[in-house]
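Inside the fold
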Amino acid sequence: MGQIKNNLKPQDIVILLKIIALGNKDWFHHTLAEELGISQSEVSQSLNRSKYAGLIDDARKKVNRIAFNEFIIHGISYAFPQHPGPIVRGVLTAHSAEPLNKIINASEKYVWPYARGNDRGQAIEPLYNTVVQAVLKDNILYELLAMVDALRVGRAREKEIAKKELEKRILNAQ
């Protein structure tokens with residue numbers, strides 16, 4: 001019964017990617033909360049779930065990059081699947097965004113719905129509702145989340161390219 005509250009939620013992935021995007025910079029719960037538009041209590045609960053899942057160390061400060069990479073590469077599309085929706089205005093994601101759009105030339109575009117977005121494409125629901133505001137302030141986080149979306153919605157070729165690019169960034173980032 002108690003284990004149900006330990007199941008990962010989509011915002012856990014966003015928070016772990018943000019920690020990776022920060023590299024060696026110091027961070028605190030309140031700074032993560034502010035930068036991601038997530039409450040401090042939700043950040044704390046998220047880090048507890050990630051610790052329980054073995055995706056962050058016991059001090060809840062360092063991402064277990066090998067385990068996290070494994071989960072992203074093999075599990076994200078099953079745990080948090082997504083199917084493209086209607087054409088909307090938004091912010092580019094998946095293979096439509098950098099860095100994948102430099103490698104993959106595709107006719108369809110995918111976007112996170114955002115009224116002030118500059119692009120139009122098929123709607124992809126972001127992992128968390130504050131993602132768009134967060135990525136507009138953090139390009140590294142933007143690229144990581146866009147590549148995760150490529151795993152969630154892409155075809156085999158896009159997924160393969162996204163896996164390689166993500167793995168480089170997750171495992172080799174400082």
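In what follows, the accompanying structure is described. Keep in mind that this is a model prediction, so the values were computed, not measured. (Residues numbered from 1 in each chain as written. Predicted model: local features only at pLDDT ≥ 70, side-chain atom pairs only at ≥ 80, totals over all residues. Heavy atoms only, no water.)

1. Quick notes on the environment of Leu32
With respect to the helices, strands and loops of the structure, Leu32 is situated in helix H2 (residues 29-36). On a C-alpha basis, the gap between Leu32 and Asn69 in space is 21 Å, while along the polypeptide they are 37 residues apart. Here Leu32 is in contact with Ile15, Lys18, Ile19, Leu22, Trp27 and Val43, once residues within four sequence places are set aside. (Helix = DSSP H or I, 4+ residues; strand = E, 2+ residues; numbered from the N terminus. Contact = heavy atoms within 4.5 Å.)

2. Observations concerning unusual backbone geometry
The residue after Glu98, namely Pro99, is reached through a cis peptide bond having omega 5°. Here Pro99 is to be found in the loop between strand E1 (87-93) and strand E2 (110-113). One non-glycine residue with positive phi stands out, namely Arg60, at about 60°. In this structure, Ala94 takes a positive phi of about 55° despite not being glycine. Along the chain, Ala94 falls in the loop between E1 and E2. Judged by relative accessible area, which is 0%, Ala94 ranks as buried. (Buried < 20%, exposed > 50% of the residue type's maximum accessible area, 1.4 Å probe, protein only.)

3. Thoughts on the packing of aromatic side chains
Evaluation of the coordinates by the stated rule reveals one aromatic pair. Ring centres of Trp112 and Tyr142 lie 5.8 Å apart, and the angle between their planes is 45°; this geometry places the pair in the tilted category. Taken as a pair, Trp112 in strand E2 and Tyr142 in helix H6 (residues 139-153) lie far apart in primary sequence, 30 residues in all. Note on accessibility: Trp112 and Tyr142 belong to one class, buried. The ring of Trp27 has Lys61 sitting right over it, with the charged end atom 3.9 Å from the ring centre. (Phe/Tyr/Trp six-rings, centres within 6.5 Å; stacked < 30°, edge-to-face > 60°. Lys NZ or Arg CZ within 6 Å of the ring centre and 35° of its normal.)

4. Structural notes on the pattern of salt bridges
Applying the stated criterion across every chain yields a total of 13 salt bridges. Between Asp138 and Lys18 there is a salt bridge, with its nearest N and O atoms 2.5 Å apart. Here the residue Asp138 occupies a position in the loop between helix H5 (131-135) and H6, and Lys18 occupies one in helix H1 (residues 10-22), the gap between them amounting to 120 residues. The exposure class of Lys18 is buried, given its relative accessible area of 4%. A salt bridge links Arg49 to Glu42, with the shortest nitrogen-to-oxygen separation between them at 2.8 Å. Pair check on accessibility: Arg49 and Glu42 agree, each one buried. A single salt-bridge network, built from bridges that share partners, covers Glu143, Glu165, Lys168 and Arg169. (Salt bridge = Lys/Arg side-chain N within 4 Å of Asp/Glu carboxyl O.)

5. A short note on the packing of helix H4 (residues 65-79) against helix H7 (residues 156-172)
Packed helices, taken two at a time, are described by the angle between their axes plus the distance between the axes. In the contact formed by H4 and H7, the axes pass within 10 Å of each other and the chain directions differ by 160°. One way to sum up the angle between H4 and H7 is to call them roughly antiparallel. Every pair of crossing elements has a handedness; the one defined by H4 and H7 is right-handed. On the side of H4, the interface is formed by Arg65, Ile66, Phe68, Asn69, Ile72, Ile73 and Ser77, while H7 contributes Lys159, Lys163, Leu166, Glu167, Arg169, Ile170 and Leu171. (Axes fitted to C-alpha atoms, helices over the stretch in contact; angles between N-to-C directions. Parallel < 35°, antiparallel > 145°, perpendicular 65-115°, else oblique. Left-handed = near helix turned anticlockwise from the far one by under 90°.)

6. So, the pairing of strand E3 (residues 119-123)
The pairing of E1 with E3 spans four bridges and is antiparallel. Across the sheet, the residue bridging to Ile87 is Gln122, located in E3. (Pairing = 2+ DSSP bridges.)

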